[in-house]
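These are the residues of each chain, in order.
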Amino acid sequence: MSSHILVIDDDADLRVLVRVALARLGGYRVDTARNGAEGIAAAKSLRPDIVLLDMTLPDCEGTDVLRSLASDRDTKDIIVIILSASASRRSEPELAELGAAGVIAKPFNPPTLVERVKTIVARVRP
Amino acid sequence: METDLGTILVVDDDRMSTMMLTRVLTSIGHSVTSASSGKAALELLDSKAFDVLILDCLMPEMDGYEVLEIVRGKPALKDLAIIMVSGVEDMASVVACLELGARDYLNKPFDPAVLRARIQNALAQKRSREREAKLYADLAANYEKLRELESLRDNLIHMIVHDLRVPLTNVIGGLDMLSTIASLDTDAKELLSLSHRGANTLLSLINDLLDVKRMESHALVFERRPVDLADVVNAACENVAFLATDEGVKLNKDAPAGSKVMGDAALLTRVVTNLLGNAVKFTPSGGEVTVRARPGPDGSMELEVRDTGEGIPEDALVHVFERFYQVRSKRGTRTNASGLGLTFCKMAIEAHGGIIFAESTLGVGSSFVFRLARA
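Residues numbered from 1 in each chain as written. Chains lettered and ligands numbered in written order. Predicted model: local features only at pLDDT ≥ 70, side-chain atom pairs only at ≥ 80, totals over all residues.

Novice: Explanation requested: the nonpolar core in the structure shown.
Specialist: Leu-229, Val-233, Val-271, Val-272, Leu-275, Leu-276 and Cys-345 of chain B are the most contacted members of the largest nonpolar core, which totals 41 residues. Those elements that place two or more of their residues in this core are α6 (186–216), α7 (229–247), α8 (265–281), β9 (288–295), β10 (300–307), α10 (341–351) and β12 (365–373) of chain B. Element by element, the count of residues in this core is highest for α8 of chain B, at eight residues. Setting aside residues up to four positions removed in sequence, Leu-276 of chain B forms contacts with Ala-236, Cys-237, Val-240, Val-289, Val-291 and Val-305 of chain B. If you look at the next biggest cluster of nonpolar residues, it comprises 34 residues, including Ile-8, Ile-40, Ala-43 and Val-121 of chain A. (Core = buried A, V, L, I, M, F, W, Y, C linked by C-beta atoms within 7 Å. Buried ≥ 20, exposed ≤ 12 C-beta atoms within 10 Å, placed from the backbone. Helix = DSSP H or I, 4+ residues; strand = E, 2+ residues; numbered from the N terminus. Contact = placed C-beta atoms within 7 Å.)

Novice: Is there a simple way to explain the packing of helix α2 (residues 38–47) of chain B against helix α3 (residues 64–72) of chain B in this structure?
Specialist: Think of two packed helices as two axes; the pair is described by the angle between the axes and how far apart they sit. Residues and elements named next belong to chain B. Viewed as axis vectors pointing N to C, α2 and α3 meet at an angle of 20 degrees, and their least axial separation amounts to 10 Å. It follows from the interaxial angle that α2 and α3 lie roughly parallel. For the pair α2 and α3, the sense of crossing is right-handed. Counted together, Gly-38, Ala-41, Leu-42 and Leu-45 of α2 and Glu-66, Val-67, Ile-70 and Val-71 of α3 form the full contact between these two elements. By residue class, the composition of the contact of α2 with α3 is six nonpolar, one polar and one charged. (Axes fitted to C-alpha atoms, helices over the stretch in contact; angles between N-to-C directions. Parallel < 35°, antiparallel > 145°, perpendicular 65-115°, else oblique. Left-handed = near helix turned anticlockwise from the far one by under 90°. Nonpolar A, V, L, I, M, F, W, Y, C, P; charged D, E, K, R; others polar.)

Novice: Whenever I open this one, the sheet that holds strand β11 (residues 355–361) of chain B confuses me. Can you help?
Specialist: Working definition: the strands of a sheet are paired by backbone hydrogen bonds and lie parallel or antiparallel to each other. Residues and elements named next belong to chain B. The strand order β7-β9-β10-β12-β11 describes an open sheet built from five strands, whose pairing is mixed. Sheet topology places β7 (250–254) and β11 at the edges, where each strand pairs with a single neighbour. With direction set aside, neighbouring strand axes in the sheet form an average angle of 15 degrees. When β11 meets β12, the two strands line up antiparallel, connected through seven bridges. Bridging across to β12, Phe-357 finds its partner in Val-369. (Pairing = 2+ DSSP bridges.)

Here's what the structure looks like:
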């Protein structure tokens, strides 16, 4: 069962919201990271099943993290779900090409987020 | 030269004269009407539009001067170009006619080439005046439209802001009550706290808007009493402490007690909070923001907020205090900015009789400084 999630987002309030929602509503174990470098390091050391990845990070683009995770033996099997503001320029097929399992549009309300994560995970790991 | 074709009224009691003028002018394409008396000419002018009036000075009953005066007295005919016709020997009457508002004059007997040139000249002047008048009218209409839009926008902002504030105040009040009466676990407390922060950020954006509006209409009431900038700095630092910790920015303060100015403590605290908040938002993790109070020139007290951020480009720096202006952060668009924070600061400091300005070096950082009279 895919039960461990790493959330990479630079917004502290959003991290809390997502963490609590995933833990309390979805029963997931949740860790968080606040930028790309921290996120990549945490993914390698914690080996989560799923990564929720924000597209705009202070130190790099979300796509950089996506590429890095996909190209590393230790992290390539992680299900990566993109959190994307509507203003994001990347299209969903483009992100899928880079290895994203799905895209969740920001802003979202927490219960919807949990449902979307479950749906995407069920699709890629039936 | 291309001929500008106009409609011309020729007025002369001498039939030979009108026939000659009509023939010459018609042959080059103008549409010509003739009248044999001043009275007949005035009737025609009232019923039909002409570009040029060729008017003989000497006529029985109503002479050319009289017709000229009546025509110049009619606002509807103000664009009509009038060319007076006189004998060569009568230069005094030509001068009188020009003073009365005639555009030009012709001497009898007519020379066709001169006649044509004079008519063209009169038409060109008339067209240019018409263009000018139209441009001016367009400009005035556009300006009026702009003013209407501006006032519509201001009213809209006012309405929205008021409608937003009431429910938002309820949200904050409800959250306050919840955190007081409910027994909550850590997660719930954190959720409550982030909701509270979000609502307060919204409220301060709305308050900025309202205060800018109030200051624009000189309706903001504020106190003038001795205020210690050290207290202002401490309060403002508390307001941005969470943001600074979250962004990994170090806050330094150097504001010795007794740095007193005349002013409104609450308003000045918001000014410094705004300046500090901006500085933190535009400074990358690991950077520093320093707030310093010290005596400035000419008996003033100076407060400076300096950051080690990315700096503001020169072309943007001149606009930072303008309403709704936003400097793009390298880190994207995630600043909770209304584009009014600095406008508010400038208006508040200027309402105190002080000055505020900004300096910046790309890649090194920015500095915002205000000076107020010492208390």
